[in-house]
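A closer look at the structure
Here are the chains, one letter per residue:
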Amino acid sequence: MTTFSAVLAGLLRSEPGRPLVTFYDDATGERVELSVTTYANWVAKVSSLLVEEHDLERGSSIRVDLPTHWLGPVFLGAAWNAGLVVTTGDDPDAVVCGPDGLDRWADLAGDVPVLACSLLPLGVRFADPLPAGVHDVGVEVWSQPDSFIPWDPTQEDDAAVDLDGLVTTQAELWSAAAAGSLLTDGGRLLSEANPASPPGLATLTEPLARSGSLVLVVNADRERVEATYAAERATARFPA
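Throughout, residues of each chain are indexed from 1 in the direction in which the sequence is written. Note on the predicted model: pLDDT of at least 70 is required for a residue's local features to be given, and 80 or more for side-chain atom pairs to be given and counted; whole-chain, interface and lining totals, by contrast, use all residues. Hydrogens are left out, water is left out, and the side-chain values use all remaining heavy atoms of the structure.

Things to note about the pattern of salt bridges
Here, a salt bridge means any side-chain nitrogen of Lys or Arg that lies within 4 Å of a carboxyl oxygen of Asp or Glu. Per the counting criterion, the structure on display carries 13 salt bridges. Across the pair E232 and R31 runs a salt bridge, and its minimum N-O distance is 3.0 Å. Of this pair, E232 sits in the loop between helix 8 (222-231) and strand 12 (236-238) while R31 sits in strand 2 (residues 30-35); the two residues are 201 residues apart in sequence, bridging distant segments of the chain. For R31, a relative accessible area of 42% puts it in the partly exposed group. Several salt bridges share partner residues, and in doing so they unite R31, E33, R188 and E232 into one network. Each helix is a run of H or I in the DSSP string that is no shorter than four residues. Each strand is a run of E no shorter than two, and both are numbered from the N terminus. Relative accessibility under 20% of the residue-type maximum defines a buried residue, over 50% an exposed one, and the middle range a partly exposed one, all with a 1.4 Å probe and only protein chains included.

Below, the structure written as structure tokens:
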């Protein structure tokens, strides 16, 4: 399996109902659990949003400037599903950000799509108006379909990630994930790292490639992390 789409399709065939991404924010008490099917539905909706609503094409770049949150894995998956390149560059073809990124990215909204996530529970819209030209994901995503069939499917030699000029193809990304060492096949990884950051990418790709799952924890003290590790029956953690 050498593309994100192939990896996700395999999980949907074999284990559609099992948990894939579980998110805890101890500051708000929020807990979100996405099964393989629910994750795939979110990925499809966001893929359609990026391609059908904002005209991004295979090979376009996207900056995923989100904090540690369950929407990070969704946007990463949608980008790879649509053949986009996740970049750390400052001149991407599109940007997705949270509330804290609005000051940085709003000025680009006249030139490229800038999509903002409120990060409120259930992925709802912002309570206050956004800067001119910035798109509210919580408004636009719900009308998108639960399936996405690209007219120009991703290929294994397409770029998946561009980290400061270091490009990784889809095949390289998923080959590395399948051979990774963060968890064993079928394992459950508890992580406090941001999957949308370069150090945290493997915390999403390895569970996907190795039929595992991710428990993502933010704003928790050490005691709460230990309790969540036990309650979620995690088998590994990052950082170790």
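A word on a nonpolar patch on the surface
A surface patch of nonpolar side chains, amounting to about 260 Å² of accessible area, comprises L120, L122 and V124. Relative to the assigned elements, V124 resides in the loop between strand 6 (114-116) and strand 7 (135-136). Patches draw on residues past 30% relative accessible area with no salt bridge. Two like charges within 9 Å are joined, as are two nonpolar side chains (Val, Leu, Ile, Met, Phe, Trp, Tyr) within 5 Å. Computed with a 1.4 Å probe, the accessible areas rest on the Shrake-Rupley method; for each residue, only the protein chains presented here act as cover.

Some thoughts on the sheet that holds strand 12
By the convention used here, strands pair only if DSSP detects at least 2 bridges between them. Strand order across the open sheet formed by five strands is 2-1-11-10-12, with mixed pairing between neighbours. The strands lining the two open edges of the sheet, one partner per strand, are strand 2 and strand 12. Averaged over neighbouring strand pairs, the angle between their axes works out to 15° when direction is ignored. Orientation is described by axes fitted as lines to C-alpha atoms, over the contacting stretch for helices, and by angles from 0 to 180 degrees between their N-to-C directions.

Structural notes on unusual backbone geometry
The peptide bond linking F238 to P239 adopts the cis configuration, its omega dihedral lying at -5°. Relative to the helices and strands, P239 is located in the segment after strand 12. If you check the backbone angles, D55 has positive phi at about 60° while not being a glycine. Its identity is not glycine, yet L122 carries a phi of approximately 70°, on the positive side. Along the chain, the position of L122 falls in the loop between strand 6 and strand 7. A residue is classified by how much of its surface remains accessible, and L122, at 64% relative accessible area, is exposed.

Let's talk about the side chain of R188
Positionally, R188 belongs in strand 10 (residues 188-191). Any pair of nitrogen or oxygen atoms within 3.5 Å is treated as a polar contact; in protein, a donor-acceptor pairing is required on top of that, and neighbouring residues in sequence qualify only through side-chain atoms on both sides. Of the polar contacts made by the side chain of R188, one reaches the side chain of E232; its length is 2.6 Å. Any two residues whose heavy atoms approach within 4.5 Å at even a single point are treated as in contact. Setting aside anything within four residues of it in sequence, one finds R188 in contact with P19, T22, E33, L183, S213, V215, E232, R233, A234, T235 and A236.

Some points on the side chain of S61
Within the secondary structure, S61 is located in strand 3 (residues 61-65). Filtering out sequence-adjacent residues up to four positions away, S61 remains in contact with V85, T87, P92, D93 and A94.

Comments concerning the packing of aromatic side chains
Only rings of Phe, Tyr and Trp enter the pairing, Trp through its six-membered ring, and a pair is recorded when the two centres are within 6.5 Å. The plane angle decides the type: under 30 degrees is stacked, over 60 is edge-to-face, the rest tilted. Enumeration according to the criterion identifies five aromatic pairs in this entry. Relative to W70, the ring of W42 lies with its centre 5.0 Å away and its plane at 80°, an arrangement referred to as edge-to-face. Taken together, the positions of W42 in helix 2 (residues 36-53) and W70 in the loop between strand 3 and helix 3 (71-81) put the pair 28 residues apart, joining distant regions of the chain. Both residues of the pair, W42 and W70, belong to the buried class. Aromatic side chains W80 and W174 sit 5.8 Å apart centroid to centroid with 90° between the ring planes, which places their arrangement in the edge-to-face category.

Quick word on helix 6 (residues 170-178)
Because an α-helix completes one turn every 3.6 residues, residues spaced three or four positions apart along the sequence face the same direction. Turning to helix 6, its buried residues number three or more, namely Q170, L173, W174 and A177. Projected down its long axis, helix 6 shows its buried positions confined to an angular sector of 85°, all on one face. Buried residues belonging to helix 6 abut helix 1 (4-14), helix 3, strand 8 (159-163), strand 9 (166-169) and helix 7 (201-209). Think of it as the arc spanned by the lines of direction from the helix axis to the C-beta atoms.

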